[in-house]
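# Chain and residue survey
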Amino acid sequence: MPYRYLLFYKPYDVLTQFTDNSSVAPRSTLKDYIPVPEIYPVGRLDRDSEGLLLLTNHGQLQHRLSDPQFQHPRTYWVQVERVPDAAALTQLRQGVVIQGYRTRPAQVQLLPTEPTLPPREPPIRFRKNVPTAWLEITLTEGKNRQVRRMTAAVGFPTLRLVRVAIAHLQLVGLEPGQWRDLTPPEQASLQQLCFPRSKLN
């Protein structure tokens with residue numbers, strides 16, 4: 001079977017899996033959007049997060065991108081409650097302690113304007129007297145709910161979280177619920193990233 005590499009724009013409230021074994025009311029899964037058999041997501045996005053997901057049937061590549069030791073970057077746009085000050089941004093960049101673990105240093109910047117994104121359904125709950133701000137955060141690790149726990153740890157809870165890049169792969173050109181195959185140049189770059197001295201078939 002040839003290898004497949006797909007990019008998917010995961011909408012809000014969709015599980016990052018193809019089956020839902022929950023006993024509660026059925027929840028939306030990847031199967032509702034992607035009709036390609038025998039492919040699996042690389043890493044996870046929480047149900048209440050949105051954005052870029054890479055799926056493949058290439059097990060070794062999946063391992064390389066998911067294992068924290070390889071430190072592949074992932075970039076998020078994060079809407080937080082209130083406007084973080086310089087001290088909070090410095091804390092996020094240097095690493096914060098969450099659940100007894102200190103996060104790795106991260107790239108963090110306050111975005112000057114709200115990024116152009118499709119509206120979320122349902123929209124976030126706005127509080128009239130509380131401003132919000134958008135951060136761009138790039139991590140090289142992916143602990144459970146890490147971004148949300150990091151912003152909460154410095155006093156600025158996450159309201160909306162959208163992954164916009166996995167290494168060189170970008171969300172641009174996809175709408176929520178859409179997917180596409182990687183282009184040959186994207187596959188070549190992925191090969192170089194994960195297997196710098198070998199070939200990706």
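Look up a bit, the structure's there.
Keep in mind that what you see is a predicted model, and the values were worked out from it rather than measured. Residue positions are given per chain, counting from 1 as you read along its sequence in written order. Totals for whole chains, interfaces and linings use all residues, but because this is a predicted model, local features are given only for residues with pLDDT of at least 70 and pairs of side-chain atoms are given and counted only at 80 or more. Excluding hydrogens and water, the side-chain figures rest on all heavy atoms present in the structure.

## A look at the overall build of the protein
Numbering of helices and strands runs from the N terminus; a helix is a DSSP stretch of H or I covering at least four residues, while a strand is a stretch of E covering at least two. A count of helical and extended segments in the protein gives four helices and 11 strands. Since a compact globule built from 201 residues should have a radius of gyration of about 17 Å, the 17 Å found for the protein is in line with a globular shape. Dimensions of the protein along its principal axes, counting C-alpha atoms only, are 55 × 40 × 35 Å. Expressed as a percentage of the 201 residues in the protein, the buried residues total 45%. In what follows, a contact means two residues having at least one pair of non-hydrogen atoms within 4.5 Å. Taking contacts inside the protein between residues at least 6 apart in sequence as the whole, the part at least 24 apart equals 73%. Each accessible area value is a Shrake-Rupley result obtained with a 1.4 Å probe; residue values ignore everything except the protein chains displayed when judging cover. For the protein, the exposed surface amounts to about 11000 Å²; the carbon and sulfur share of it is 50%. With 25 positive and 17 negative side-chain charges, the protein shows a separation of 5 Å between the mean positions of the two kinds. For this measure, only C-alpha atoms enter the radius of gyration; the expected value for a globule follows 2.2 Å times N^0.38, where N is the number of residues. Relative accessible area decides the class of each residue, using a 1.4 Å probe on protein chains only: under 20% of the type maximum gives buried, over 50% gives exposed, and in between gives partly exposed. Note on charges: Lys and Arg go in the positive column, Asp and Glu in the negative column, and His and the chain ends are not counted at all. Charge positions come from single atoms, namely NZ of Lys, CZ of Arg, CG of Asp or CD of Glu.

## Thoughts on the packing of aromatic side chains
In summary, the pairing rule links any two rings of Phe, Tyr or Trp, Trp by its six-membered ring, whose centres are within 6.5 Å, and it sorts them by plane angle into stacked for under 30 degrees, edge-to-face for over 60 and tilted for everything else. As enumerated under the stated definition, the model contains two aromatic pairs in all. With a centroid separation of 5.6 Å and an interplanar angle of 50 degrees, the aromatic rings of phenylalanine 8 and tyrosine 33 are classed as tilted. Taken together, the residues phenylalanine 8 in strand β1 (residues 5-10) and tyrosine 33 in the loop between β1 and β2 (40-41) connect sequence positions 25 residues apart. With a relative accessible area of 28%, tyrosine 33 lands in the partly exposed category. Positioned above the aromatic ring of tyrosine 12 is the side chain of arginine 120, whose terminal nitrogen or guanidinium carbon lies 3.8 Å from the ring centre. Charges are assigned to positions over rings by a cutoff of 6 Å between ring centre and Lys NZ or Arg CZ, combined with an angular limit of 35 degrees from the ring normal. The positively charged end of lysine 143 is found above the aromatic ring belonging to tyrosine 101, 4.4 Å away from the centroid.

## Some details on the environment of glutamate 38
You can see glutamate 38 is positioned in the loop between β1 and β2. Judged by relative accessible area, glutamate 38 falls into the partly exposed class, the value being 47%. Sequence separation of glutamate 38 and asparagine 57 is 19 residues, and the distance between their C-alpha atoms is 6.3 Å. With residues near it in sequence (within four places) discarded, glutamate 38 still touches Met1 and Asn57. A distance of 3.3 Å separates the side chain of glutamate 38 from the side chain of tyrosine 40, its partner in a polar contact. Pairs of N or O atoms are called polar contacts if they sit within 3.5 Å, as long as, within protein, a hydrogen donor faces a hydrogen acceptor (for residues adjacent in sequence, only side-chain-to-side-chain pairs).

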